[in-house]
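Chain by chain, the residues run as shown.
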Amino acid sequence: MTLEDAKQMCSWKYPAEYQVYNNSWKEAADRNVSYANEQVRTNEFWSLMQGDEMAGFFRLHPEKDGVMLGLGLRPDLCGQGDGRLLLEYAIHTFQEKYSNNRLRLMVREWNCRAIKCYQSCGFDEIGHCTMDTPSGKADFLCMEYHGK
């Protein structure tokens, strides 16, 4: 992921309850969040392009007991099946780089659209947790990839 991609991602505006995923480049840079940090961005983030525009991104973050997956799709592409393509690309990249590790992700419990996509690609529920987020405390479903 390039710096330009990260800034483009921060311009995406999600509707309704999905607004919790909206970002500001200035706030991200001020807080030095992962994609604003050049070393982290270039080592852990990938962009999925559609022509000259970024369609989505994913992050593979190595941890001591596996790899944590984070991903996002441009708002106008959500709900059309493109999330599955992004997720399949992320899984393929994970298998190439980290094949002997576990792949996990966390998703807000109310995000049924994403949960359905993750399940269809081979992720299973492994637990629940509550985390502090920039928009306050939130409940998350923890999932792990077990294959299709």
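Let me begin by describing the structure that accompanies this report. (Residues numbered from 1 in each chain as written. Predicted model: local features only at pLDDT ≥ 70, side-chain atom pairs only at ≥ 80, totals over all residues. Heavy atoms only, no water.)

What follows deals with the overall build of the protein chain. Helix and strand counts for the protein chain stand at five helices and six strands. Its helices and strands taken in sequence order, the protein chain reads α-α-α-β-β-β-α-β-α-β-β from the N to the C terminus. Against the compact-globule benchmark of 15 Å for 148 residues, the protein chain has a radius of gyration of 15 Å, which places it among compact chains. Principal-axis analysis of the C-alpha atoms places the extent of the protein chain at approximately 35 × 30 × 30 Å. Residue burial in the protein chain is summarised as follows: out of 148 residues, 43% are buried. In the protein chain, of all internal contacts separated by at least 6 residues, the share reaching a separation of at least 24 is 53%. Of the roughly 8,400 Å² of accessible surface on the protein chain, 48% is carried by carbon and sulfur atoms. (Helix = DSSP H or I, 4+ residues; strand = E, 2+ residues; numbered from the N terminus. Rg over C-alpha atoms; globule rule 2.2 N^0.38 Å. Buried < 20%, exposed > 50% of the residue type's maximum accessible area, 1.4 Å probe, protein only. Contact = heavy atoms within 4.5 Å. Areas by Shrake-Rupley, 256 points an atom, 1.4 Å probe, with all protein chains shown as cover.)

Pairs can form between side chains of opposite charge whenever their charged atoms are close. This model, assessed by the stated rule, comprises nine salt bridges. For the salt bridge of Arg 104 with Asp 65, the shortest nitrogen-to-oxygen distance reads 3.1 Å. Placement of the pair is Arg 104 in strand β4 (residues 103-108) and Asp 65 in the loop between β2 (53-63) and β3 (66-73), with a sequence separation of 39 residues. Look at the salt bridges and you will find they share partners, linking Asp 65, Arg 102, Arg 104 and Glu 144 into a network. (Salt bridge = Lys/Arg side-chain N within 4 Å of Asp/Glu carboxyl O.)

Now for the pairing of strand β5 (residues 123-133). Pairing of β5 with strand β6 (residues 136-145) involves ten bridges; the strand directions are antiparallel. Within β6, the residue paired with Asp 132 across the bridge is Lys 137. (Pairing = 2+ DSSP bridges.)

Along the chain, the position of Gln 39 falls in helix α3 (residues 38-44). Sequence spacing of Gln 39 and Ala 114 is 75 residues, and the spatial spacing of their C-alpha atoms is 28 Å.

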